[in-house]
Amino acid sequence: MAALGDFLGETLEPTPAVATTLESLRQTEQIQGLFNEVGISTSPINGLRADVRTRETNGGRLAADSTLWAAREQFPELGVDVALKNGGGIRDTIAGPTIIRLTINAQLAFDNRLTILSMTGRQLIAAMENSVSRVPAADGRFPHIAGMVMDVDASQPGVQGQEELTSTSRVRRLVIRRSDGSTDVLVRNGVAVGDLDRTFVMATNSFLATGGDGYAAFAAAEALAETPIGEQQILADYISGPLGGLVNVQDPPLPPRFERLDLSCKLRDTRPTVIVRGCDSGVANRRLSLGCTVSDVIREECRRNSGLPAAYAACITDELEALSGDDALSQEMISPIASCALNGPR
């Protein structure tokens, strides 16, 4: 009422009957419980609609991680590998620094239960293609993931609503960290890898599990189990339990689990492209293989990782010296590499 009065520019007072009723409601166990402190956050937990439907946020990271944690805790016998939370299921930002149940409930307003699915490689590819099929448009199916990393080329055609696929369009890389800690590459360089009949165990929410947001592959998968509690309690338990009451995740979260390759080289310069062929550095080398200049990679890797791995910086330096006949160009490129490796971005 005070906020309404401020908006109207008037002093508003409730009637005695309204005031009595409001105070009675405040004293109920249900209302009191909404103001229980769950933890604190070092930064706002981003649930803005325009962000959670287009990119990774710390709110999406927290929801996905809590999903995977809860699935593994409640069903250890199932060997849950991965989790996916849709951006459309994240409805508000938790401003912090104090996190209370009311703000958790607002962020995960639908309070869906979790469904555990057994999926073939073909089904998982179809699900992940659907998840990025409308990028860069803001869409509720946008994936926040745990237990896997993926690279996407949104310049390719979007493929949505398929139950299974044996080839990819936008998904260029998909790597799963299995529940036993092993790594399983399902897509490499845009090509499906290995036996696509092998299975993966996915945790997602009950809305997506029935085919919501175009996830037909989830609906076609074998349902193994469902949690007895919803996402709100799961997130509260995750914060107060494994996180020890402290959420310390920046926005956007690092390291990234979702990379858009079509945006990797937006900031180009006039220097010639140098392809570094002999260095093993994951995302950085993939950018180079797409034709990014080395300076593009320096800028992006410094921004994302606060520095380049020293071994990779040394490898780039060696390659540049071998490939370039222009000592001035080599020095111009080598200096920022060394600076980034040692000192981080400037």
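Above this note sits the structure.
First, a word on what this report is: a plain description of the structure on this page. What you see is a predicted model; the values in this text were computed from it and never measured. (Residues numbered from 1 in each chain as written. Predicted model: local features only at pLDDT ≥ 70, side-chain atom pairs only at ≥ 80, totals over all residues. Heavy atoms only, no water.)

1. Topic: the packing of helix 5 (residues 58–74) against helix 10 (residues 231–240)
No. 1: Direction vectors running N to C along helix 5 and helix 10 enclose 90 degrees, while the axes themselves pass 9 Å from each other. Classified by the angle between their axes, helix 5 and helix 10 sit roughly perpendicular to one another. Across the interface between the two elements, Leu-62, Asp-65, Ser-66, Trp-69 and Ala-70 from helix 5 touch Ile-234, Leu-235, Asp-237, Tyr-238 and Ile-239 from helix 10.
No. 2: Of the residues in the contact of helix 5 with helix 10, the class split is 7 nonpolar, 1 polar and 2 charged. (Axes fitted to C-alpha atoms, helices over the stretch in contact; angles between N-to-C directions. Helix = DSSP H or I, 4+ residues; strand = E, 2+ residues; numbered from the N terminus. Parallel < 35°, antiparallel > 145°, perpendicular 65-115°, else oblique. Contact = heavy atoms within 4.5 Å. Nonpolar A, V, L, I, M, F, W, Y, C, P; charged D, E, K, R; others polar.)

2. Topic: the sheet that holds strand 4 (residues 113–120)
Backbone hydrogen bonds hold the strands of a sheet together, and the pairing may be parallel or antiparallel.
No. 1: Spatially, 5-2-10-4-11 is the arrangement adopted by the 5 strands of the open sheet, whose pairing is mixed. Since the sheet does not close on itself, it has two edges, and those belong to strand 5 (143–146) and strand 11 (222–230), each with one partner. Neighbour-to-neighbour, the strand axes of this sheet turn through a mean angle of 25 degrees, independent of strand direction.
No. 2: Relative to strand 5, strand 2 (residues 82–86) is paired through 4 bridges, and the arrangement is antiparallel. Across the sheet, Leu-84 pairs through a bridge with Ile-145, a residue of strand 5.
No. 3: Of the strands in this sheet, strand 2, strand 4, strand 5, strand 10 (199–205) and strand 11 are in contact with helix 5, which crosses strand 5 at around 45 degrees.
No. 4: Packed on one face of the sheet, helix 10 meets strand 2, strand 4, strand 10 and strand 11 and runs near 75 degrees to strand 11. (Pairing = 2+ DSSP bridges.)

3. Re unusual backbone geometry
No. 1: Look at the link from Gly-96 to Pro-97: it is a cis peptide, with omega at -5 degrees.
No. 2: Residue placement: Pro-97 occurs in the loop between strand 2 and strand 3 (98–100).
No. 3: The amide bond that connects Leu-254 to the next residue, Pro-255, takes the cis arrangement and shows omega of -5 degrees.
No. 4: Among the structural elements, Pro-255 can be located in the loop between strand 12 (246–247) and strand 13 (258–260).
No. 5: The backbone of Asp-111 shows a phi angle near 50 degrees, a positive value even though the residue is not glycine.

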